[in-house]
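Okay, here's what each chain looks like letter by letter:
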Amino acid sequence: MQHSIKDDYINSIKNYTNQFEVTNFRRIACNDFKNWPSPREETWRLSRLGSLSRKKIKPINPNLKKNNNNTTNLIGSTIIQFIDGAYREDLSSKLPSGVNLSVLSDSESLKYLQKIKKSNLSDHPSTNVSLSCTPSIMKLTVSKDIKVKDFLEIIYEGGEDSQSVHPVLYLELEENSSLFLIERFNHLTSLAMPLQLIELRNKASLNSIKIFNDHEKTYNLSANCVYLSKESYLNSFSLIKGGIFTRSETHAYLNGCNSKLNLNGVYISSDNQHHDLTTAIYHDVPDCTSKQIVRGVLGGKSTGVFQGKVRVAQDAQRTDGQQMSRAILLSDTASANAKPELEIYADDVICAHGATVGELDDDQLFYLNSRGVPMDKAREILIKAFLEDMINQSVDNSLHDFVFKEAELALSSIIPKETL
Amino acid sequence: MVATQETIDKVKEVTSSYKYGFVTKLEAEKAPLGLSEEIVKFISNKKKEPKWLLDWRLKAYKKWLTMDEPNWAMVNFPKINFQDIYYYSAPKTKPKLNSLDEVDPELLKTYEKLGIPIKEQEALAGVAVDYVFDSVSVATTFREKLADEGIIFCPISEAVQNYPDLVKKYIGSVIPIGDNYYAALNSAVFTDGSFVFVPKGVKCPMELSTYFRINEQNSGQFERTLIIVEDNAYVSYLEGCTAPQRDENQLHAAVVELVAMDDAEIKYSTVQNWYPGDKDGKGGIYNFVTKRGNCLGKRSKISWTQVETGSAITWKYPSCVLKGDNSVGEFYSVAVANNAQQADTGTKMIHIGKNTKSTIISKGISAGKAQNTYRGQVQIQKNAMGSRNFTQCDSLLIGDQCGAHTVPYINQHTPSARVEHEATTSKISEDQLFYCLQRGLDSEQATSLIVNGFCKEVMKELPMEFAVEAQKLIGISLEGSVG
Amino acid sequence: MSLLEIKNAHLKLDDKNILNGVSLSVNKGEVHAIMGPNGSGKSTLSYMLAGRDGYELEEGEILLDGISLSEMEADERARSGLFLAFQYPVELPGVGGMSFLREAVNSRRKFLGEKELDHLAFVKEARKEASKMYVKDEMLKRAVNVGFSGGEKKRFEILQMAMLKPTVSILDETDSGLDVDALKIVSDGVNAQRNNDNAIVVITHYQRLLDYIVPDFVHILSDGLIIKSGGPELALEVEKNGYSGLINAA
């Protein structure tokens, strides 16, 4: 058989990991990467990687001298910088007390791999490739009872054309701790494969904002595995706007009673962008709550995908699982796909989902027109309201403006301007 | 419909000698076990089919050989050995019973609850010949009346002989032979089914029902139905029977194709109550059905209504392809799964024409250890400007051993179209149960009442004569699921 | 023999004592009112009598016409002639009012050994009773309690009572959510059903209902115990001085 480009990529990973022992986590992960997911796989049917698999790429060898881009509108006072997928202490701030960042040892890395492998992310390409090629798994820990006041900001940058980057993070919030985390993906690379394992111990609370704003040629296949313990709380919001192809896939396991999850997201897509928000929420114990609001605005020839599964196990009585997704198409050539899915094995539950795809409401547009607002302005007002309302619900007050501005920047290119 | 002695005698006179010979002849005419090109030829030959149909069957058979069984549905069952099935034994004679005394008492109990007249009970259980005679006469008068209007309603095997052009034009036009594994299988080996043609401007004056058709009796396994309704015409078609039918066939892979021209309307109602297997999931029918309607004409309308309470496994997605501008597709479904039943059912609405509209109302009820999945796709294609879909999917759980799943797929490619999907899952509320109990209803009555209320939006779409029995049926299907 | 006999009823909910030895004896032809502040156990008492799951007695006994209810399920109690007019009647989406009534009436008739009413006879009877309660035909076609106003719900409860002809009726806060006009209609409906063979227990927080349905006896329930019993004048005392005076005195 002819050597394909796809095989080249697999081989380059193999070559790299071959230098390690067979029991090393990199070797194990590498063995599990057989191929890119095929469109015959149910969760990749709507987000096909055909063109990616035809690209000539290889894992990056991080340049530890490379400087950052000096991102201007920093939010947090504490910055953690990743470049080329590698943590750069020299460019990062000193961490507040109670917060610790360390490199996982090989044996710890193996445990990390085992935890991810127990989840439904075990076959995700980012799981296997990033664990094979990451410079190192970075663990961010917030100690017991520590409530971190400042925002912590992680910035992912770097990468090169024809190369893939592999930042791997392990975030652990110990009992009764809390953290506010902002992550920004600004890669300049062909492929970014961020992998994260998040563990929230009893009563821990995490506010998380992720902004995907990679370069217009970047593929970003973000994979996130979250475990929630008793009475823990995750409030997560993702804004997807960058890249040629961005898919954020999150699997959240509610393993402790009375844990609470908000898993919200917005995608704003234009030109030929493909944006995909895939989530799976597993209610495995009683008395947990999950809420999900997803909104998409699509222009140009873009495609949006929302796949959201909520599974309620037989023991997970009194589960409250709600999900609502809405997408607005602004151009004739854009398309939106939604697959909200309920899989329920317990009877005492309140579960509901709703999904709508359509255009802006005619009545609302007319109402604004009748008050003298021109059509394009009216559209803009309604689209912004569509997002603002949702951002206000999902994001901490102090960050409304920042997040909304980020959204607005992306909107500017897709709101249709009628000739005046 | 008790036949008068006169009718019985008359029919006996005409048919008895023939019937006798027919039965003996049959014994010799069983195809060997399994499926091969030879069997397909055998079936086609038996039915004296024209060459084009044989070729069509063979093409389907070859296609089938290359295909895999679908595995995406949330159903589990042991692999079917397709070489262990008789593909031609029709018209098969059920073992004749002499009286209702020989019939399974459980079956009789159900008939009694449904209020089915003795005559019909006998026919359903395979006793007696009176009813069959009766039915022959009914069917005959019935067909004459329809013929006066220009409506053709006959077995599809007859249509192949008498209206080959119509059959050739439309068979496989909605569901191509390679559409899916079971449709390909059906195309290769279908034995019989119904054919309906309603010409321009004719509103069919009565509900057409397979119920009246005696030749239908043994063609259930690989049934093929084709309904064509021309411009401005209308038909309402009822399929199935509310009483559980005795049936030895494990696998049912039927295909139903509907074609509606400009301003035509087809209403297709099904009450499916095949044997669901016992409490532990032993036995029961595998019901793998492909049903699709083509709204070819402008302003055409196809409406599917189904009440699915039977079968061990249901795999069924009656769909609409909305090609004609302003055409309308509807899907109203109640699926009840109790004990070890598994149902994966739903619909596809493919919007191709402008301003097309579709409505999906699905009510799933799970009890016992059953798994019940709604799976539906709504696709709005590029040129389907101004199209609308509304989907409402509700699931009800009775007991904590069962599952209810909702898997909708929405693909939208047109900004001026709108798709709305809503789904809820809940259990029967204790408040509602207690309220009914306090009024003196026992818990089974109360459950049946509440569940029927839950299904009301769908049940009201059924033709009256079906609705009452279907309502009772839901109650019966859920027996033993409460308390 | 009394029609309803509650003997030393004790009941716990979530390990909390709610009824602490309620005893009450209701004879044929009598109307009893049970009054009490919020949280005194009034609604619990009505659920306990009607046999709701989870409201089983810890101790004590209830007799309906001499027959013990404790082993009976809620539906058996109902068919035996115990009726509860709910404080918050439950919505039954998709269940038509007329067919619901018929199921209920025929269940009761069957129990009493009477012939089930055929469709026509039933509809005639239902319409007759409905008109007395100002319940329009249109309302009987709607789903039970769905989209009914507060007044409509209560009228429909009393209509059911009229149709079922119970021996003992418990009216749980039937006045809640009613304006004066509706209160009058509902009370008239209840009064019309008073006779020498049945009995009615009215559970209420306020005295005003008792102006319309005049009781023979009034009992004050506090902390799961009847602390005082008397005639209609006791209700007026509550109206004047509130519950606290009575409770403190007890």
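Bear in mind the structure is a predicted one, so any value in this text is a computation, not a measurement. (Residues numbered from 1 in each chain as written. Chains lettered and ligands numbered in written order. Predicted model: local features only at pLDDT ≥ 70, side-chain atom pairs only at ≥ 80, totals over all residues.)

Helix and strand content of chain B: 13 helices and 19 strands. Looking at chain B residue by residue over its 483 residues, the buried ones come to 55%. Partitioning the intrachain contacts of chain B with sequence separation of at least 6 by distance along the chain shows that 84% fall at a separation of at least 24. (Helix = DSSP H or I, 4+ residues; strand = E, 2+ residues; numbered from the N terminus. Buried ≥ 20, exposed ≤ 12 C-beta atoms within 10 Å, placed from the backbone. Contact = placed C-beta atoms within 7 Å.)

Let us look at the overall build of chain C. Summing up its helical and strand segments, chain C has 9 helices and 10 strands in all. For 250 residues, the compact-globule estimate of 2.2 N^0.38 gives 18 Å, and the C-alpha radius of gyration of chain C, at 18 Å, lies within 12% of that figure. Projected onto the principal axes, the alpha-carbon positions of chain C cover approximately 55 × 40 × 35 Å. The 250 residues of chain C split such that 43% are buried. Within chain C, contacts between residues separated by at least 24 positions form 70% of all contacts whose residues are at least 6 apart in sequence. (Rg over C-alpha atoms; globule rule 2.2 N^0.38 Å.)

All names here are of chain A. For strand 18 (residues 289–298), a buried count of 7 out of 10 residues is recorded, marking the element as mostly surrounded by other parts of the structure. Bridge analysis of strand 16 (residues 260–269) against strand 18 gives 8 bridges, and the strand direction is parallel. Residue pairing in the sheet places Ile 268 in a bridge with Val 297 of strand 18. (Pairing = 2+ DSSP bridges.)

In this section: the interface of chain A and chain B. Taken together, the contact pairs 32 residues of chain A with 28 residues of chain B. Among the elements of the structure, strand 21 (335–344) and strand 22 (349–358) of chain A are those that each provide at least two residues to the side of chain A that touches chain B. Taken together, the residues of the side of chain A that touches chain B sort by class into 16 nonpolar, 8 polar and 8 charged. The pairing of strand 22 of chain A with strand 19 (residues 418–427) of chain B spans 7 bridges and is classified as antiparallel. Paired with Ala 352 of chain A across the bridge in strand 19 of chain B is Thr 424 of chain B. (Nonpolar A, V, L, I, M, F, W, Y, C, P; charged D, E, K, R; others polar.)

With that out of the way, let us pick up the packing of helix 3 (residues 97–112) of chain C against helix 4 (residues 119–132) of chain C. All names here are of chain C. One way to put it is that helix 3 packs onto helix 4 with a least axis distance of 11 Å and a crossing angle of 105°. Classified by the angle between their axes, helix 3 and helix 4 sit roughly perpendicular to one another. Across from Met 98, Leu 101, Arg 102 and Val 105 in helix 3, the residues of helix 4 making contact are Phe 122, Val 123 and Ala 126. Each residue belonging to the contact of helix 3 with helix 4 can be placed in one class, and the counts come to 6 nonpolar, no polar and 1 charged. (Axes fitted to C-alpha atoms, helices over the stretch in contact; angles between N-to-C directions. Parallel < 35°, antiparallel > 145°, perpendicular 65-115°, else oblique.)

In this structure, Val 229, Val 235 and Ala 260 of chain B are the most contacted members of the largest nonpolar core, which totals 307 residues. Beyond its immediate stretch of four places on either side in the chain, Ala 260 of chain B contacts Val 229, Glu 265, Ile 266, Gly 293, Asn 294, Cys 295, Leu 296, Gly 297, Ser 300, Lys 301 and Ile 302 of chain B. (Core = buried A, V, L, I, M, F, W, Y, C linked by C-beta atoms within 7 Å.)

As a general feature of sheets, a regular strand has side chains that alternate between the two faces. Residue and element names in this part refer to chain B. In terms of burial, strand 17 (residues 388–398) is a largely internal element, 8 of the 11 residues being buried. Pairing between strand 15 (residues 357–367) and strand 17: 11 bridges, direction parallel. Across the sheet, the residue bridging to Ser 358 is Asn 389, located in strand 17.

With respect to the helices and strands, the residue Ile 39 of chain B is situated in helix 2 (residues 37–46). Through-space distance from the C-alpha of Ile 39 of chain B to that of Asp 192 of chain B is 16 Å; in sequence the pair is 153 residues apart.

Bringing the environment of Gln 81 of chain A into the picture now. Residue and element names in this part refer to chain A. Its place among the elements puts Gln 81 in strand 2 (residues 78–83). Taking the number of C-beta atoms within 10 Å as the measure of exposure, Gln 81 has 20 and is therefore buried. Each C-alpha atom of the pair Gln 81 and Ile 155 lies 5.0 Å from the other, and the pair is 74 residues apart in sequence.

Every contact between the two is made by 21 residues of chain C and, on the other side, 19 residues of chain B. Those elements that place two or more of their residues in the side of chain C that touches chain B are helix 2 (74–79) and helix 3 of chain C. By residue class, the composition of the side of chain C that touches chain B is 12 nonpolar, 3 polar and 6 charged.

Residues of helix 2 (residues 25–32) of chain A that are buried: Phe 25, Arg 26, Ala 29 and Cys 30 of chain A. Buried residues of helix 2 of chain A fall within an arc of 130° about the axis and therefore sit on the same side. (Arc of directions from axis to C-beta.)

The next subject is the sheet that holds strand 3 (residues 31–35) of chain C. All names here are of chain C. In space, the 6 strands of this open sheet follow the order 6-7-8-3-9-10, with mixed pairing throughout. Only two strands of the sheet have a single partner each, and these edge strands are strand 6 (82–85) and strand 10 (225–230). Taken over all neighbouring pairs, the strand axes of this sheet differ in orientation by 20° on average, direction set aside. The pairing of strand 3 with strand 9 (residues 217–222) spans 4 bridges and is parallel. By the bridge assignment, Ala 33 is partnered in strand 9 with Val 218. Sheet contacts for helix 1 (residues 42–50): strand 3, strand 6, strand 7 (168–172), strand 8 (199–204) and strand 9; angle to strand 7, the most-contacted strand, approximately 150°.

Let us now look at the sheet that holds strand 2 (residues 16–26) of chain C. All names here are of chain C. Sheet architecture is open: 4 strands sit in the order 2-1-4-5, paired in antiparallel fashion. Across the chains shown, the open sheet's two edge strands, defined by having one partner strand only, are strand 2 and strand 5 (67–68). With 2 bridges joining them, strand 4 (residues 59–64) and strand 5 adopt antiparallel strand pairing. Along strand 5, the bridge assignment pairs Leu 64 with Ile 67. Along the sheet, helix 1 makes contact with strand 1 (4–13), strand 2 and strand 4, crossing strand 2 at roughly 70°.

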